[in-house]
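Per-entry structural report
This is what each chain is made of:
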Amino acid sequence: MSKISRDEVAHLAGLARLAVTEAELDTFAGQLDQILDAVAKVGEVAADDIPPTTHAVPVTNVFREDEVRPGLTREQALAAAPAAEEDRFRVPRILTEEA
């Protein structure tokens with residue numbers, strides 16, 4: 001016996017603003033029954049003594065120690081720039097001021 005009626009499928013289709021044919025109502029009702037059966041089986045397996053998990057295997061973050069490393073000097077960084085002005089990178093203007 002179907003758990004979801006054709007009327008319920010038509011109602012859901014209307015809420016989702018889907019155009020559904022009469023033949024599709026029967027097909028979708030059967031498919032939704034299968035989905036609900038699968039969800040019910042998962043609900044049966046879930047036990048109170050099993051803690052909820054977010055991952056199937058343990059996950060730990062690996063952090064490296066922060067260490068100071070030498071960086072580029074201002075002159076070295078600007079030496080590779082296509083254009084520089086007043087000790088800064090010069091880039092083309094992309095925004096205009098509108099009043």
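Per-chain numbering applies: the sequence of each chain, read as written, is numbered from 1 onward. The model is predicted, so local features are restricted to residues of pLDDT at least 70 and side-chain atom pairs to those at 80 or more, both for listing and for counting; the totals for chains, interfaces and linings are taken over all residues. Remark: hydrogens and water are excluded; side-chain values derive from all non-hydrogen atoms of the structure.

1. Looking at the overall build of the chain
- The way it works is that DSSP assigns letters per residue, a run of H or I at least four long becomes a helix, a run of E at least two long becomes a strand, and they are numbered from the N terminus. A count of helices and strands for the chain gives three helices and two strands.
- Each helix and strand of the chain, placed in order from N terminus to C terminus, yields the pattern α-α-α-β-β.
- We compute the radius of gyration from the C-alpha atoms alone; for a globule the expected value is 2.2 Å times N to the 0.38, where N is the number of residues. A globule of 99 residues ought to have a C-alpha radius of gyration of about 13 Å, yet the chain, at 31 Å, is considerably larger.
- Per-residue burial over the chain gives 8% buried out of 99 residues.
- Using a 1.4 Å probe, accessible areas were evaluated by the Shrake-Rupley method; residue-level cover was limited to the displayed protein chains. Total accessible area on the chain is roughly 9800 Å²; 57% of this is exposed by carbon and sulfur atoms.
- With 10 positive and 19 negative side-chain charges, the chain shows a separation of 9 Å between the mean positions of the two kinds. Residue exposure (1.4 Å probe, protein chains only): buried if accessible area is under 20% of the type maximum, exposed if over 50%, otherwise partly exposed. His residues and chain termini do not enter the charge count, which takes Lys and Arg as positive and Asp and Glu as negative. Working definition for charges: the position is that of NZ of Lys, CZ of Arg, CG of Asp or CD of Glu.

2. A word on the packing of helix 1 (residues 6-15) against helix 2 (residues 22-45)
- Every axis in this analysis is a line fitted to C-alpha atoms, fitted for helices over the stretch in contact. Angles between the N-to-C directions lie between 0 and 180 degrees. Close contact between helix 1 and helix 2 brings their axes to 9 Å; oriented N to C, the two are set at 100°. Considered as vectors, helix 1 and helix 2 are oriented roughly perpendicular to each other. Between helix 1 and helix 2, the contacting residues are R6, V9, A10 and L12 on the first element and E22, L25, D26, F28, A29 and L32 on the second.
- In this classification, Asp, Glu, Lys and Arg are treated as charged, Ala, Val, Leu, Ile, Met, Phe, Trp, Tyr, Cys and Pro as nonpolar, and every other residue, Gly included, as polar. Among the residues forming the contact of helix 1 with helix 2, the class breakdown is seven nonpolar, no polar and three charged. Reported orientations rely on four angle classes, namely roughly parallel under 35 degrees, roughly antiparallel over 145, roughly perpendicular from 65 to 115, and oblique for the rest. Whether two residues touch is decided by their heavy atoms; if any such pair falls within 4.5 Å, the residues are in contact.

3. Digging into unusual backbone geometry
- Despite not being glycine, E86 shows a phi value in the positive range, around 55°.
- The residue E86 is located in the loop between strand 1 (84-85) and strand 2 (88-89) in this model.

4. What about the pattern of salt bridges?
- The salt bridge definition used is simple: a Lys or Arg side-chain nitrogen within 4 Å of an Asp or Glu carboxyl oxygen. In this structure the tally under the stated criterion is five salt bridges.
- For the salt bridge of E22 with R6, the shortest nitrogen-to-oxygen distance reads 2.7 Å. A residue pair is termed long-range when its members are at least 10 positions apart, and E22 in helix 2 and R6 in helix 1 qualify at 16 residues.
- In this structure E22 comes out as exposed when scored by relative accessible area, which is 54%.
- A residue is classified by how much of its surface remains accessible, and R6, at 32% relative accessible area, is partly exposed.
- For E67, the salt bridge is made with R69, and the minimal N-O distance between the two is 3.8 Å.
- A cluster of three or more residues bridged by salt bridges with shared partners is formed by R6, E22 and D26.

5. As for the confidence of the model for the chain
- Confidence of the prediction at every residue is given by pLDDT, a number between 0 and 100. Confidence along the chain averages 86 in pLDDT terms, with 96% of residues attaining 70 or more.
- Per-element confidence in the chain is highest for helix 1, whose mean pLDDT is 93, and lowest for helix 2, whose mean pLDDT is 88.

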